[in-house]
Amino acid sequence: MLERITQPDEIRRWPGELPVEHRYTPGVGGEAFFTALRDRGVLLGSRCTECSYTYVPARLFCERCFSELAADTEVGPQGALVSFTIGFVGLFGEPLEEPETYGLVRLDRADAVLLHRVLDTGEEPLEIGERVKAIIRSPNDRDGTISDIEGFRPIE
Ligand SMILES: [Zn+2]
């Protein structure tokens, strides 16, 4: 298996399945982000003062300078739509009954972007730079996951 494939049509494949399971842990920063989201309904980021850059979700260290960071900065809940796409098929290639829109949002006071659904896109086409607001589920419906955010809704 150390041979280098130079012709894509020479690729061999064996159909089948691998019984692999994994569990993703949110880490220290992610734990702080999801706990704040569940318990207080806020979006928590981490500010690197060395780089003048605010990450969201919160991070343990700066990816640029490796400084240790804290979950110390509330961001959003409003922000600007940086990019978006509309999905018409599901995970397994099945057509969706209704298309789903996903957007990258730069929350106010953050530099990094957060990916989530865009809700109620309405009749008007979305525009890059459009103002949106994170819709946080009511306290009794939160469970400390990314689904505690219903999505982003364009602001009138
Ligand atoms: Zn930094």
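See the structure printed just above.
Residues numbered from 1 in each chain as written. Predicted model: local features only at pLDDT ≥ 70, side-chain atom pairs only at ≥ 80, totals over all residues. Heavy atoms only, no water.

A look at the coordination of the zinc ion
1) Next: Taken together, the protein ligands of the zinc ion are Cys48 (SG), Cys51 (SG), Cys62 (SG) and Cys65 (SG), with distances of 2.3 to 2.4 Å.
2) Next: Metal-centred angles of 104 to 114° between the 4 donor atoms at the zinc ion mark the site as tetrahedral.
3) Next: Of note, the zinc ion draws all its donor residues from one chain, in the sequence arrangement C-x2-C-x10-C-x2-C. Remark: Cys65 occurs in the loop between β2 (53-55) and β3 (73-75) and Cys48 occurs in strand β1 (residues 43-48); sequence separation between them is 17 residues. (Donors = N, O, S within 2.8 Å, 3.2 Å for Na, K, Ca; no water. Tetrahedral: all angles 85-135°; square planar, octahedral: opposite > 155°, others 65-115°. Helix = DSSP H or I, 4+ residues; strand = E, 2+ residues; numbered from the N terminus.)

Some thoughts on the sheet that holds β1
One key point about sheets: their strands pair by backbone hydrogen bonds, in either a parallel or an antiparallel sense.
1) Next: Spatial strand order, β2-β1-β3: 3 strands in an open sheet with antiparallel pairing. Of all the strands in the sheet, just β2 and β3 have a single pairing partner and so form its edges. The average angle at which neighbouring strand axes cross in this sheet is 45°, direction not considered.
2) Next: Two elements, β1 and β3, share 3 bridges in a ladder whose sense is antiparallel. Paired with Leu43 across the strands is Val75, a residue of β3. (Pairing = 2+ DSSP bridges. Axes fitted to C-alpha atoms, helices over the stretch in contact; angles between N-to-C directions.)

Let's talk about the pattern of salt bridges
1) Next: Under the definition given, this model contains 7 salt bridges.
2) Next: Two residues, Arg40 and Glu74, come together in a salt bridge whose shortest N-O distance is 3.0 Å. Here Arg40 is found in helix α1 (residues 27-40), whereas its partner Glu74 is found in strand β3, with 34 residues between them in sequence.
3) Next: The exposure class of Glu74 is partly exposed, given its relative accessible area of 39%.
4) Next: Notably, a salt bridge pairs Glu100 with Arg117, separated by 3.0 Å at the nearest N-O pair. Separated by 17 residues along the polypeptide, Glu100 in strand β5 (residues 95-107) and Arg117 in strand β6 (residues 114-118) bring together distant segments of the chain.
5) Next: For Arg117, a relative accessible area of 36% corresponds to the partly exposed category. (Salt bridge = Lys/Arg side-chain N within 4 Å of Asp/Glu carboxyl O. Buried < 20%, exposed > 50% of the residue type's maximum accessible area, 1.4 Å probe, protein only.)

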